[in-house]
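Notes for the structure review
These are the residues of each chain, in order.
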Number of protein chains: 6
Amino acid sequence: MDDLRRFLDEDIGQGDITTEIIVPEGDGKAEITCEDDAVVAGLLEAEEIFQIMGLVTEILVKDGTRVRKGTAVAVVSGSKNKIMTSERTALNIMMRMSGIATMTNDIVTECRRIDPNIVVAGTRKTTPGFRAFEKKAIILGGGDPHRYGLYDRVLIKDNHIKAAGGVLNAMQLSKNVPSGIKVEIEVENISDAVIAAENRADIIMIDNQSPSETKKIMEKIKSIDPNILVEASGRITPDNAKEYAGSADIISLGALTHSVKAVHFSLNIL
Amino acid sequence: MDDLRRFLDEDIGQGDITTEIIVPEGDGKAEITCEDDAVVAGLLEAEEIFQIMGLVTEILVKDGTRVRKGTAVAVVSGSKNKIMTSERTALNIMMRMSGIATMTNDIVTECRRIDPNIVVAGTRKTTPGFRAFEKKAIILGGGDPHRYGLYDRVLIKDNHIKAAGGVLNAMQLSKNVPSGIKVEIEVENISDAVIAAENRADIIMIDNQSPSETKKIMEKIKSIDPNILVEASGRITPDNAKEYAGSADIISLGALTHSVKAVHFSLNIL
Amino acid sequence: MDDLRRFLDEDIGQGDITTEIIVPEGDGKAEITCEDDAVVAGLLEAEEIFQIMGLVTEILVKDGTRVRKGTAVAVVSGSKNKIMTSERTALNIMMRMSGIATMTNDIVTECRRIDPNIVVAGTRKTTPGFRAFEKKAIILGGGDPHRYGLYDRVLIKDNHIKAAGGVLNAMQLSKNVPSGIKVEIEVENISDAVIAAENRADIIMIDNQSPSETKKIMEKIKSIDPNILVEASGRITPDNAKEYAGSADIISLGALTHSVKAVHFSLNIL
Amino acid sequence: MDDLRRFLDEDIGQGDITTEIIVPEGDGKAEITCEDDAVVAGLLEAEEIFQIMGLVTEILVKDGTRVRKGTAVAVVSGSKNKIMTSERTALNIMMRMSGIATMTNDIVTECRRIDPNIVVAGTRKTTPGFRAFEKKAIILGGGDPHRYGLYDRVLIKDNHIKAAGGVLNAMQLSKNVPSGIKVEIEVENISDAVIAAENRADIIMIDNQSPSETKKIMEKIKSIDPNILVEASGRITPDNAKEYAGSADIISLGALTHSVKAVHFSLNIL
Amino acid sequence: MDDLRRFLDEDIGQGDITTEIIVPEGDGKAEITCEDDAVVAGLLEAEEIFQIMGLVTEILVKDGTRVRKGTAVAVVSGSKNKIMTSERTALNIMMRMSGIATMTNDIVTECRRIDPNIVVAGTRKTTPGFRAFEKKAIILGGGDPHRYGLYDRVLIKDNHIKAAGGVLNAMQLSKNVPSGIKVEIEVENISDAVIAAENRADIIMIDNQSPSETKKIMEKIKSIDPNILVEASGRITPDNAKEYAGSADIISLGALTHSVKAVHFSLNIL
Amino acid sequence: MDDLRRFLDEDIGQGDITTEIIVPEGDGKAEITCEDDAVVAGLLEAEEIFQIMGLVTEILVKDGTRVRKGTAVAVVSGSKNKIMTSERTALNIMMRMSGIATMTNDIVTECRRIDPNIVVAGTRKTTPGFRAFEKKAIILGGGDPHRYGLYDRVLIKDNHIKAAGGVLNAMQLSKNVPSGIKVEIEVENISDAVIAAENRADIIMIDNQSPSETKKIMEKIKSIDPNILVEASGRITPDNAKEYAGSADIISLGALTHSVKAVHFSLNIL
């Protein structure tokens, strides 16, 4: 709620001078319409934005639903001035969250045609200050949020491995990780993958490899311990993601949050 | 600076458990490389991020410069642990700001081939909480930030006009706007444009019209008062923007901030 | 609302020990009376203060109304303890905002007898942390708020001109100002005024000149471009403001916010 | 420091567009001059403002010193842009704090000619959000800050007494006050003063009485317990304050903070 | 309320993943039971926690009441998910506040058997960020909160005395303390106590002395001025506190807040 | 750092009136001594507190070290006034963190005599607002922090199981948990433990059982999957913890943070 208040404040600042001067006081209703084929996300957040302004929202479509262009998704009631003042903040949240949910869902759908159990995951390549909303949008699109931050999983990447003096050293240091935390490590070849697997990594991320090379490394890992999760990452885009389906348990790609195409919404006073 | 601290805090939370456990203490250097052809932006913000962490940054390329893929843009020195802990926050700011600066600059370059005085402007369709950085990136790309919020210009849009009872009423109410504030109004046809121009709007936004229709309305406005600025808006995309060059003083498009493709950067411990 | 909570917190700290120990729990009503002839301002803010405390306010007089000494302006209902705990914060807001609205209105009234279109404006010489309320009070008194901060208008003052190397240089640099922002420049003589006018300043501020000298410069400016607004500023006080009516479009004076005489209000439990 | 950052942010918002566009980068010095005969206050706060901006301040006159009009009080060095950006915030703090210190000092000086031990005190009638600075200015002027808020002294006023059922009841309830807190009670006649004194109030405030009536009540109180402090309050103004000297230990008046005349300062780039 | 929101946020972070995934939506009720013989405290704070989450609380036992193990103290109604999400924050507040209230009440009861007027007080040895709640719990247990911070009483301790150059110097400097503030000084022997008493300290703290030595010093102080309050402090524990009853007006001990044994509460969905 | 500033602010409020009035300005040094046999924790936080105040700290003993009563642990240099003003906040952090580290270390030491691999863990029963510091103190004492909040592990407790309709249902729902998060479930008997183990819980918490019953259940779990971690919890105290060593991989107990005995420190100006 604090974030949402801050978002409103960012737009309103010392006042919506247009509405104050141009729009007579009075109550009304407005309809929000989705202007693209899309998976809708952010309606609960929009409702909270409107609620902060003293407005009432009727949500017509549940977050996470795929809708056709032109679908009415919500009706807002109350002071017309306040509807106009909060419109942009609410729509900005929806347009970005829906963009993420839609792209995620497109990739999930495509990949699951090949491997029905595949997990499509995001990364920490999010917009600063908006991560919680972007992670939620991934989930609404059917994806896995991956790490929320540096605090909820150990993920040993190339720079860490170099600093620790190799994969084996890094895995041995990881015995000190608190018992409730999973340990994931990034590898770029089969021999490092073997070391990671033999030292009981919970998840092994295969970075920057082709689908076939990824598959080969995955099979080696599973032969050592079938419970280890295998994640493909690096150079994966919305376009080539499906090529990795079948080569890993998890496919993660930054584009879900760093290169989003917004979904358009319009708000019309009825 | 408060925003930047909040961004760091979003990622670090109660601690970077990977680095704490895996990386031995010690000083070092890391190089940040731009992995795309792009206009670089966000280096000053990255420097502030690193400074909050007690690190020193040597900036190799000025924000706003167009660079080739593979160009080193900064070197960070100090605690290796702190470099790794702050890497993602710094790069996330840079990748988004540079994406905006690059797209803006591409469009500005294209449009100015046709009209060397054209202004390419953003909108308020920004990521909530990150607007100030996105507006700055537009400027670094050679664009105009347009409104920072509801407080720094009167912009009378369709919903306001409807509520006020038409363009004439809206323009008359706008006489109450404080003397330091510009008044802009959105019109969708030539007759409304005439009313707006005769009532001394500072800027007239022609919404959702074809380039040729926009040009016709612009000429009518300029015949009434050549000092009025004319802005084309609505349905303008990075692809069709150049078609509006020559038909307006200003072209504004939301895609500059709502549908950005990130620029990639990598950070390598030397 | 955040500001108002902070104001309450400033006064209450870890608790209103007097009320907690001395006043038995129980509901009641209290009347707020204006103890001066004044223009009332701050009643909406007082209502919000009381609302944060869970109290209900009946406002008897609209903000911006001129009332006689002894006029009841509001009735507050609810927990008597909470009324007493929030009394001072609410009245402090009202007493200062009403002081500003009253002084502004006195000057506006006097000046408009001479020039019915004159605008009386404030400055940025406000109490730190309370500016938004002071600007609102100016508007309620019939004045113009002038700049809310350094971000909503370009105002080129003596120090800027000196650093830029003169009025001409400064005006040329001002071509880079984003298209939605007005450009104002301060001049102290007729030749600088001419340069500013010829370079299309939106507003020219004539600083520290006598009424007659101000008028002479204004006439010169209007002969170059009648659309340029002329503002008189510097050494203008509540006492001499009316002497400038007729010599400028706008008269701005810092005393509206920096040297306010409070309006008295009392709150009595009924 | 948080307050000071907030004050700067209030003025700067998303940027000082004038300085960014008009002033070339470069270091310099500026002198701050006091433009009135006054007691200077707020220089330490101004120094902190400049320090937040990365500037260095040389303070020429200690806070609390009485200076002549035209006295240079500080020199600021560093980025000229940053000096101009922070000028107004720093001067706004100084002009208000110095106004309070000067008015306080004038009254203290006048009253002490009559009673060299008299204490001149403020009230809680301060500008919301700026109280700590206003209380400090009173102290710098030689006054007593009185209560900082509802938490640091019990002060039983008319509304409390009415709610408690009279002065005797209120004094008996005050036995529950924690042992480190002083108990003050407001009385309006001699019989209530006697009850308060017999029940061991630490301070008795005589409200809304003439100097002679105040003196009569004070003498009665002192005859019961000479250690009780007597405070005169209500209807006391800068003009009539001295008439109460000799009739009370403490004279408190709201005008010290609610009706201040600012002291003028100018900042000139050298 | 801000504190309580922060406490919730500390526990919930980016979401209660267990409840979101495991618990179906739906309303219900839960009962909170006290699992120890204890003085209950923190129920109002728990109610506020639940209210922030949109839940309704029926409080069955007033804060400050001594209850038997197994007593139901509150019933919470509303979304079962939200009850589970807020349970730990609410109970953590209650378990610590009740621990403090219980220990305080035990000591007060024991000491008042010996001296019915004795005051048992806390210190500033509280948990950082939680002091206001701990002070309130002391009051609910029948104790005196003592200083809330460095701002609400002068307390001259050994380091201050050393820096001032002895007790006499320190007491003379204390004449500059604002008139509403009590002055307390710490002494460790009878001669310093005499100096403090003769210089009109409001409270004299006898530090680190045995009960009999404390009594001797108290009697000396009272012979000089019976209105001075005497406080015993230092080396006083819950076990030996009663030995000081009769030797001082006030007994203060840090253990009330620094070494608390929590009271257990359970929350069961009905 | 924000937390630490808030802690300082809680104590200092509008000023340390004792030090301001009693202590002459001047630099000096102070030594901090540990007054108990203890494991020291919180020295880095104390150093940050002093640094905020502009003081320099020399740390003599590394956090996590066991020291003898009377050991000097740090020396602080700089303004004597500032040392006294920040003393209590710094010591309050140290006394509580060291209390937790010491109790944790005592239990770890005792339990590891029996099972050298045993993990001793905390719970979420922490002081609201101070959790991060308490978790860190557990780690410094050799323990495991367990969950930092509701966001970093799924822990399905009795109320969740009841709401989900049993252990089997709950475990099946847990298949939806994001792939990086561990799933822990609480069981109270052997049959529920079997269901949890067969459904691939990462950790099984055996709640409220005797050591021997705990051991029996653990052996059953390990016979199903030896990789599942077993945690004993409920009714475990510092006194009986060692009885569980050998019966579980992890022993968790709330007393580590909810019923701490502070370690004493003194600060003496040299």
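Now for a quick tour of the structure. (Residues numbered from 1 in each chain as written. Chains lettered and ligands numbered in written order. Predicted model: local features only at pLDDT ≥ 70, side-chain atom pairs only at ≥ 80, totals over all residues. Heavy atoms only, no water.)

Section: the packing of helix α8 (residues 190-198) of chain B against helix α9 (residues 211-224) of chain B
Residues and elements named next belong to chain B. Taken N-terminus to C-terminus, the directions of α8 and α9 make an angle of 25°; their axes are 9 Å apart at the nearest point. Taken together, the axes of α8 and α9 lie roughly parallel to each other. The two elements α8 and α9 meet at a crossing, and its hand is right-handed. Taken together, the residues of α9 that come into contact with α8 (itself represented by Ile190, Ala193, Val194, Ala197 and Glu198) are Lys216, Ile217, Lys220, Ile221 and Ile224. Among the residues forming the contact of α8 with α9, the class breakdown is seven nonpolar, no polar and three charged. (Axes fitted to C-alpha atoms, helices over the stretch in contact; angles between N-to-C directions. Helix = DSSP H or I, 4+ residues; strand = E, 2+ residues; numbered from the N terminus. Parallel < 35°, antiparallel > 145°, perpendicular 65-115°, else oblique. Left-handed = near helix turned anticlockwise from the far one by under 90°. Contact = heavy atoms within 4.5 Å. Nonpolar A, V, L, I, M, F, W, Y, C, P; charged D, E, K, R; others polar.)

Concerning the relation of the copies chain B and chain A
Superposition record for chain B on chain A: RMSD 0.0 Å, screw rotation 180°, translation along axis 0.0 Å. Such a combination of rotation and displacement between the chain copies is what one expects of a two-fold axis. The share of interface residues of chain B whose copies in chain A are also at the interface is 100%, consistent with both copies meeting through the same surface. (Least-squares fit on C-alpha atoms with pLDDT ≥ 70 in both.)

Notes on the arrangement of the chains
Taking C-alpha atoms as the reference, chain B and chain E come no closer than 9 Å and do not contact one another. Chain C makes no contact with chain F; the smallest distance between any of their C-alpha atoms is 9 Å.

Quick look at the pattern of salt bridges
Residues and elements named next belong to chain B. Overall, the coordinates contain 60 salt bridges over all chains when judged by the stated rule. Close ionic contact of arginine 68 with aspartate 37 constitutes a salt bridge, the shortest N to O distance being 3.0 Å. In this pair, arginine 68 is assigned in the loop between β4 (66-67) and β5 (72-79) and aspartate 37 in the loop between β1 (27-34) and β2 (38-39), connecting sequence segments 31 residues apart. Residue classification places arginine 68 among the exposed residues on the basis of a relative accessible area of 61%. Exposure remark for aspartate 37: the relative accessible area of 43% places this residue in the partly exposed category. A salt bridge links glutamate 134 to arginine 96, with the nearest nitrogen and oxygen atoms 2.7 Å apart. Separated by 38 residues along the polypeptide, glutamate 134 in helix α5 (residues 131-140) and arginine 96 in helix α4 (residues 80-114) bring together distant segments of the chain. By relative accessible area, glutamate 134 is classed as buried at 0%. A residue is classified by how much of its surface remains accessible, and arginine 96, at 5% relative accessible area, is buried. (Salt bridge = Lys/Arg side-chain N within 4 Å of Asp/Glu carboxyl O. Buried < 20%, exposed > 50% of the residue type's maximum accessible area, 1.4 Å probe, protein only.)

So, unusual backbone geometry
A positive phi angle, close to 65°, is found at arginine 200 of chain C, a residue other than glycine. Tracing the chain through its elements places arginine 200 of chain C in the loop between α8 (190-198) and β9 (203-207). Despite not being glycine, histidine 146 of chain D shows a phi value in the positive range, around 60°.

Things to note about helix α4 (residues 80-114) of chain A
Residue and element names in this part refer to chain A. Taking 1.5 Å as the rise per residue, α4 with 35 residues should run 51 Å; its terminal C-alpha atoms sit 49 Å apart, in good agreement. At serine 86, α4 is deflected by roughly 45°, the largest bend along its length. Taking burial as the measure, the 35 residues of α4 include 28 buried ones, the bulk of the element. (Expected span 1.5 Å × (residues − 1). Bend = angle between axes of the 7 residues up to and from the residue.)

Some words on empty space enclosed by the protein
Enumeration according to the criterion identifies 13 cavities of 30 Å³ or more in this entry. Estimates place the volume of the largest cavity at around 80 Å³. Lining of the largest cavity is provided by Pro145, His146, Arg147, Tyr148, Asp152 and Arg153 of chain B, Tyr151, Pro178, Gly180 and Ile181 of chain C together with Gln14 and Ile17 of chain D. Residue composition of the lining of the largest cavity, grouped by class: six nonpolar, three polar and three charged. Taken together, Asn92, Met95, Arg96 and Ala262 of chain C together with Arg96, Lys125, Thr126, Thr127, Pro128, Thr257 and His258 of chain D make up the full set of residues lining the second largest cavity. Listed by contribution, the elements that provide at least two residues to the lining of the second largest cavity are α4 (80-114) of chain C together with α11 (255-258) of chain D. The element contributing the most residues to the lining of the second largest cavity is α4 of chain C, with three residues. Here the residues of the lining of the second largest cavity are counted per class, giving three nonpolar, five polar and three charged. (1 Å grid on protein atoms, 1.4 Å probe; cavity = no way out; pocket = protein on both sides within 12 Å on 5 of 7 lines; lining within 4 Å. Points joined across faces, edges and corners; volume = space filled by probe spheres on them.)

Here we look at the side chain of histidine 146 of chain D
Residues and elements named next belong to chain D. Looking at where histidine 146 falls in the secondary structure, it is placed in the loop between α5 (131-140) and β7 (154-156). A polar contact of 2.8 Å, which involves the side chain of histidine 146, links it to the side chain of glutamate 231. Setting aside residues up to four positions removed in sequence, histidine 146 forms contacts with Ala121, Gly122, Lys135, Arg153, Leu155, Glu184, Glu231 and Ser252. (Polar contact = N/O pair within 3.5 Å; in protein donor to acceptor, adjacent residues only side chain to side chain.)

Describing the interface of chain E and chain F
On the side of chain F, 64 residues touch chain E, which itself brings 64 residues to the contact. Summing the contributions of chain E and of chain F, the shared interface buries around 5,300 Å²; its carbon and sulfur component is 58%. If you sort the residues of chain E by the area they bury against chain F, Ile22, Pro128 and Leu150 of chain E come out on top, with a joint share of 14%. In this assembly, chain E and chain F are joined by four salt bridges. In this structure, aspartate 11 of chain F and arginine 131 of chain E form a salt bridge, with 2.6 Å as the shortest nitrogen-oxygen distance. Going through the elements one at a time, α1 (2-12), α2 (17-22), α4 (80-114), α5 (131-140), β7 (154-156), α6 (158-164), α7 (167-173) and β12 (265-269) of chain E are the ones with two or more residues in the side of chain E that touches chain F. At eight residues, α4 of chain E tops the list of elements feeding residues into the side of chain E that touches chain F. Partitioning the side of chain E that touches chain F into residue classes produces 30 nonpolar, 19 polar and 15 charged. (Buried area = accessible area lost by both parts, 1.4 Å probe.)

Shape is all these values report; function is a separate question.
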